[in-house]
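Report on the structure
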Amino acid sequence: MNIFKVKINFEEADHESVELPIAEGESVLDVCLENGIELQHNCGGVCGCSTCHIYVNKGMDNIQEISDKEEDFIDRAVNPRINSRLGCQCVIIDGDIEVTLPDQSGFMGH
């Protein structure tokens, strides 16, 4: 099993960026939860909502391709962008990744 790095940035001003190890086959949501980083996941991380919405800044080629189902949920996310993905679906396949977590403080889920 290969181990890579995930750099996690936060929109919230009082949070500093962190770099954490992430294993091949592991999702960004899993790494966040394992390290005490708050990332909403109302459906339990099964691509059934849009609450673990994140932005992938670097390494889009290092995660699994987006599915039609994920695209549908991203359309329902707050402030979706071209680099939006769901944290539960950002599964590492090869290499490092950098993401930004949207502000979770006033979260209103779907």
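The following paragraphs examine the structure supplied in this document. If you're wondering where the values come from, they're calculated on a predicted model, not measured in any experiment.

1. Observations regarding the overall build of the chain
Per the secondary structure count, the chain includes two helices and five strands. For the chain, the α and β elements follow one another from N to C terminus as β-β-α-β-α-β-β. The C-alpha atoms of the chain give 13 Å as radius of gyration, which agrees with the globular expectation for 110 residues (13 Å, within 12%). Dimensions along the principal axes, computed over C-alpha positions, put the chain at roughly 35 × 35 × 25 Å. Across the 110 residues of the chain, 45% fall into the buried class. Put simply, of all contacts in the chain between residues at least 6 apart along the chain, 66% involve residues at least 24 apart.

2. As for the side chain of threonine 100
Tracing the backbone through its elements, the reader meets threonine 100 in strand 5 (residues 97–101). The class of threonine 100 is buried, set by a relative accessible area of 14%. Within the local environment of threonine 100, its side chain forms a polar contact with the side chain of asparagine 57, the two groups lying 2.7 Å apart. For threonine 100, the contacting residues outside a window of four places in its chain are Asn9, Phe10, Glu11, Ile54, Tyr55 and Asn57.

3. Structural notes on the pairing of strand 5
In terms of burial, strand 5 is a largely internal element, five of the five residues being buried. Neither face of strand 5 is left uncovered, since the one carrying Ile97, Val99 and Leu101 and the one carrying Glu98 and Thr100 both have all their residues buried. The pairing of strand 1 (residues 3–10) with strand 5 spans five bridges and is parallel. Its bridge partner lying in strand 5, phenylalanine 10 is registered against leucine 101. Inspection of the sheet shows strand 3 (residues 53–58) paired to strand 5 by three bridges, in the antiparallel sense. Considered in strand 5, the bridge of valine 56 is made with valine 99.

4. A closer look at a negative patch on the surface
Residues Asp68, Glu71, Asp72 and Asp75 make up a contiguous surface patch of negative charge. With respect to the secondary-structure elements, aspartate 72 resides in helix 2 (residues 68–74).

Reading the values: the criteria
Residues numbered from 1 in each chain as written. Predicted model: local features only at pLDDT ≥ 70, side-chain atom pairs only at ≥ 80, totals over all residues. Heavy atoms only, no water. Helix = DSSP H or I, 4+ residues; strand = E, 2+ residues; numbered from the N terminus. Rg over C-alpha atoms; globule rule 2.2 N^0.38 Å. Buried < 20%, exposed > 50% of the residue type's maximum accessible area, 1.4 Å probe, protein only. Contact = heavy atoms within 4.5 Å. Polar contact = N/O pair within 3.5 Å; in protein donor to acceptor, adjacent residues only side chain to side chain. Pairing = 2+ DSSP bridges. Patch = residues over 30% accessible without salt bridge, like charges linked within 9 Å, V, L, I, M, F, W, Y side chains within 5 Å. Areas by Shrake-Rupley, 256 points an atom, 1.4 Å probe, with all protein chains shown as cover. Salt bridge = Lys/Arg side-chain N within 4 Å of Asp/Glu carboxyl O. Lys, Arg positive; Asp, Glu negative; His and termini not counted. Charge placed at Lys NZ, Arg CZ, Asp CG, Glu CD.

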